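Fold and geometry: a report
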Amino acid sequence: MTSFNLRRARLRSGEQLREQVELELEPFLLGGQEYLPEPPTVVGDLSITKATTGTVFELSFQASLRGPCFRCLRETTIEESVRAREYQANTPGDDPDLRNEYLHDDELDLTAWARDAFMLELPEKILHAPDCAGLCPVCGKDLNDEPHTHEELGSDPRWAALDELRGQL
Ligand SMILES: [Zn+2]
Ligand SMILES: [Zn+2]
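Overview of the structure. (Residues numbered from 1 in each chain as written. Chains lettered and ligands numbered in written order. Predicted model: local features only at pLDDT ≥ 70, side-chain atom pairs only at ≥ 80, totals over all residues. Heavy atoms only, no water.)

Examining the coordination of the zinc ion (ligand 1)
For clarity, the cut-off: With water excluded from the atoms, a metal site may look incomplete; its donors are any N, O or S atoms within 2.8 Å, or within 3.2 Å for Na, K and Ca. Only four donors with every angle between 85 and 135 degrees are called tetrahedral; only four or six donors with opposite donors over 155 degrees apart and all others between 65 and 115 are called square planar or octahedral, in that order; all others are irregular. The helix and strand labels rest on DSSP assignments: H or I over at least four residues marks a helix, E over at least two residues marks a strand, and numbering proceeds from the N terminus. Relative accessibility decides the category of a residue: with a 1.4 Å probe and only protein chains considered, values under 20% of the type maximum give buried, values over 50% give exposed, and everything between is partly exposed.
The protein atoms donating to the zinc ion (ligand 1) are C69 (SG), C72 (SG), H128 (ND1) and C132 (SG), with metal-donor distances spanning 2.0 to 2.4 Å. Of note is the zinc ion (ligand 1), whose four donor atoms meet at the metal with angles of 105 to 116 degrees in an arrangement that counts as tetrahedral. Mapping the donors of the zinc ion (ligand 1) onto the primary sequence yields the spacing C-x2-C-x55-H-x3-C. Of this pair, C69 sits in the loop between β6 (54-68) and β7 (75-89) while C132 sits in the loop between α1 (110-121) and α2 (157-168), and the two are 63 residues apart along the sequence. Owing to a relative accessible area of 5%, C132 belongs among the buried residues under this scheme.

Shown next as C-alpha cells:
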C-alpha cells in the first residue's frame, strides 16, 4: 500500500503542496474476469491545498488496463486519464461529504484512492472496439473475424426445439 503522511506537508491556510507520488495499482475483477493495470505502478500528481475551513486533495494519473473484451474476449488494453478530488473539513461532524474517506490519522491511503478513482473512469463495458460484433451465439465463432448468420436454422437442434415449442402454442 502506498500512502502519504500529511504531517510531512505541514500546510498552513492558503498553502498548497504538489508532489509526484508513486501509485500501486491493483488488478480489477470485473464480470468474473481479471484486468491488470499496466504498468502496475504509475507516477501520479498529488496536490493538497489547505483552506480556512478544510483541505482539498487532488490526484491525477494515467494508466492502462489490460484484459478480455467484454463481448469477444480478445485481449484489450484501454487507457484512461484519471482525476479525483476529495475534501476534508476541519470539523466534518457526521457529514460524509465533508470527510475524505481515504484519510486516517493524517495518513492518506493512495492505493485505495487510486483504485476507486480508476474504477470510476472505466467504461461500463470494456470493448476492444466500440462496434465489437462479439461472438456468434449459435456457434461461438468471433463475428469480427467471420461475420456470418445461420441461414439453415432448421438444422440446428436448438432451433428445432424452439420450433417444436412454437407448434405447441
Ligand atoms: Zn471485442
Ligand atoms: Zn455462428
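Section: the coordination of the zinc ion (ligand 2)
The protein atoms that coordinate the zinc ion (ligand 2) are C136 (SG), C139 (SG), H148 (NE2) and H150 (NE2), at distances of 2.0 to 2.3 Å. Site description for the zinc ion (ligand 2): donor spacing in sequence, C-x2-C-x8-H-x1-H. Among the residues examined, C136 registers a relative accessible area of 6% and is labelled buried.

Let's talk about the packing of aromatic side chains
Spelled out, the test is: Aromatic rings from Phe, Tyr and Trp, with only the six-membered ring used for Trp, were paired whenever their centres fell within 6.5 Å, and each pair was classed as stacked if the ring planes differed by under 30 degrees, edge-to-face if by over 60, and tilted otherwise.
This model, assessed by the stated rule, comprises three aromatic pairs. Taking the centre distance of 5.5 Å and the plane angle of 75 degrees together, the rings of F28 and F118 count as edge-to-face. Here F28 is found in strand β3 (residues 28-30), whereas its partner F118 is found in helix α1, with 90 residues between them in sequence. A single burial state applies to F28 and to F118, both of which are buried. Between the aromatic rings of F61 and F118, the centroid separation amounts to 6.1 Å while the plane-to-plane angle is 80 degrees, which identifies the pairing as edge-to-face. In this pair, F61 is assigned in strand β6 and F118 in helix α1, connecting sequence segments 57 residues apart. Ring pairs connect the aromatic residues F28, F61 and F118, which therefore count as one cluster.

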